[in-house]
Amino acid sequence: MPVIALVGNKGGAGKTTLCVNLATAFASKSPTVILDADPQQSSLQWRGIADENAIIDVYEANHDVNQAYHNIGNQYTNCLIDCPPSVHSEQMQQALRIADLAIIPVQPSPLDIWATVHVESEVEAARKDNPNLKALLLINQFETRTQLSKIMRRALAELSLPAAETQVKRRAVYRNSFLEGRTVHDFGKRGAQASEEIHQLIQEMENHL
Ligand SMILES: Nc1ncnc2c1ncn2[C@@H]1O[C@H](COP(=O)(O)OP(=O)(O)OP(=O)(O)O)[C@@H](O)[C@H]1O
Ligand SMILES: [Mg+2]
């Protein structure tokens, strides 16, 4: 079972948004679970307002990520872990040691890039225990017209971890869908471009798994 951890050192980078949208795309093909390792419990809150028939299970994992991971057994094909926004958190440390792939969303802002330097060193440290850990930086909330978005790729190239080709744009549908416990994949035409970029990201992730 591939384990994908959504990690970062900055609040609001988009970990939960991406976790839920990636997980529902995976779940349309095979059984998928989210372990919510963030004490804020945002993924669990989303699941709480989601339709009873939502195709995804979300479990609390903020007290002990390893235990939660062992508790889910082998009934799922994909497991995503939504982490708190700090490299010093025990939850993120644990998640990086069981993950196959860490996705690190970064917003187009110098503050976010600076904070990401610390994630790099944590990934390096985790590789001592988990040598097969892969990691991908991901530009989230990309805005075509802003100068910062334009220089973002060059700025990320200064870091040692690779950046995904796919960029996730800033789109209202990512916010609106959450309100209803849904995802961009349930929003027909309004969510089509967002859904397409999430599927493109999954294809790219699969090349790293
Ligand atoms: N691509 C996007 N387009 C528009 N809004 C987005 C996008 N990604 C995230 N957001 C919004 O940005 C805010 C922060 O996103 P989210 O809660 O997913 O980040 P997070 O990294 O999980 O935050 P935290 O560190 O607090 O857990 C939310 O309001 C979310 O709706
Ligand atoms: Mg979150």
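The structure under discussion appears in the preceding block.
Cut-offs used in this document
- Each residue is numbered by its place in its chain's sequence as written, counting from 1.
- All chains are assigned letters beginning at A, and all ligands numbers beginning at 1, according to the order in which they are written.
- With pLDDT at 70 or above as the cut-off, local features in this predicted model cover only qualifying residues; side-chain atom pairs require 80 or more to be listed or tallied, and sums for whole chains, interfaces and linings still use all residues.
- As a convention, hydrogens and water are excluded, and side-chain values are obtained from all of the structure's heavy atoms.
- Counting from the N terminus, the helices are DSSP H or I runs at least four residues long and the strands are E runs at least two residues long.
- Put simply, the radius of gyration uses C-alpha atoms, and a globule should come to 2.2 Å times the residue count raised to 0.38.
- When a residue's accessible area, from a 1.4 Å probe over protein chains only, is under 20% of the maximum for its type it is buried; when over 50% it is exposed; and in between it is partly exposed.
- We get accessible surface area from the Shrake-Rupley algorithm with a probe of 1.4 Å; when it comes to residues, only the shown protein chains can shield them.
- Note that His is not counted, nor are the chain ends; the positive residues are Lys and Arg, and the negative ones are Asp and Glu.
- Note that the charge is assigned to NZ on lysines, CZ on arginines, CG on aspartates and CD on glutamates.
- Here a residue is near a molecule or strand as soon as one of its heavy atoms is found within 4 Å of it.
- Polar contact is defined as a pair of N or O atoms within 3.5 Å, subject to the rule that within protein one atom must be able to donate a hydrogen and the other to accept it, and that residues adjacent in sequence are counted only when both atoms are side-chain atoms.
- Buried Ala, Val, Leu, Ile, Met, Phe, Trp, Tyr and Cys residues form a nonpolar core when they are joined through side-chain atoms within 4.5 Å.
- Any two residues having at least one pair of non-hydrogen atoms within 4.5 Å are treated as being in contact.

(A) Here's a closer look at the overall build of the chain. On a plain count of helices and strands, the chain comes out with 8 helices and 7 strands. In terms of C-alpha radius of gyration, the chain reaches 16 Å, essentially the compact-globule figure of 17 Å for 209 residues. Projected onto its principal axes, the C-alpha positions of the chain cover 45 × 45 × 30 Å. Within the span of the chain, comprising 209 residues, buried residues form 54% of the whole. When the accessible area of the chain is evaluated, it comes to approximately 10000 Å², of which 47% is carbon and sulfur surface. Across the chain, the mean location of the 19 positive side-chain charges is 10 Å away from that of the 24 negative side-chain charges.

(B) Quick look at the site of ligand 1. Taken together, 19 residues are adjacent to ligand 1, and Lys 15, Thr 16, Thr 17, Lys 169 and Arg 175 come closest. Contact distances for ligand 1 include 3.1 Å between an oxygen atom and a backbone N or O atom of Ala 13. Contacts to ligand 1 include Arg 171, whose backbone N or O atom sits 2.9 Å from a nitrogen atom. Compared with its free state, where it exposes 630 Å², ligand 1 has 82% of that area covered by protein.

(C) Expanded view of the nonpolar core. Ranked by size, the top nonpolar core spans 37 residues in total, and within it Val 7, Ile 81 and Ile 104 carry the most contacts. Not counting residues within four places of it along the chain, the set of residues in contact with Val 7 comprises Lys 15, Cys 83, Met 92, Leu 96, Ala 102, Ile 103, Ile 104, Pro 105 and Val 119. Ala 27, Leu 101, Tyr 174 and Phe 187 belong to the second largest nonpolar core, which has 31 residues in total.

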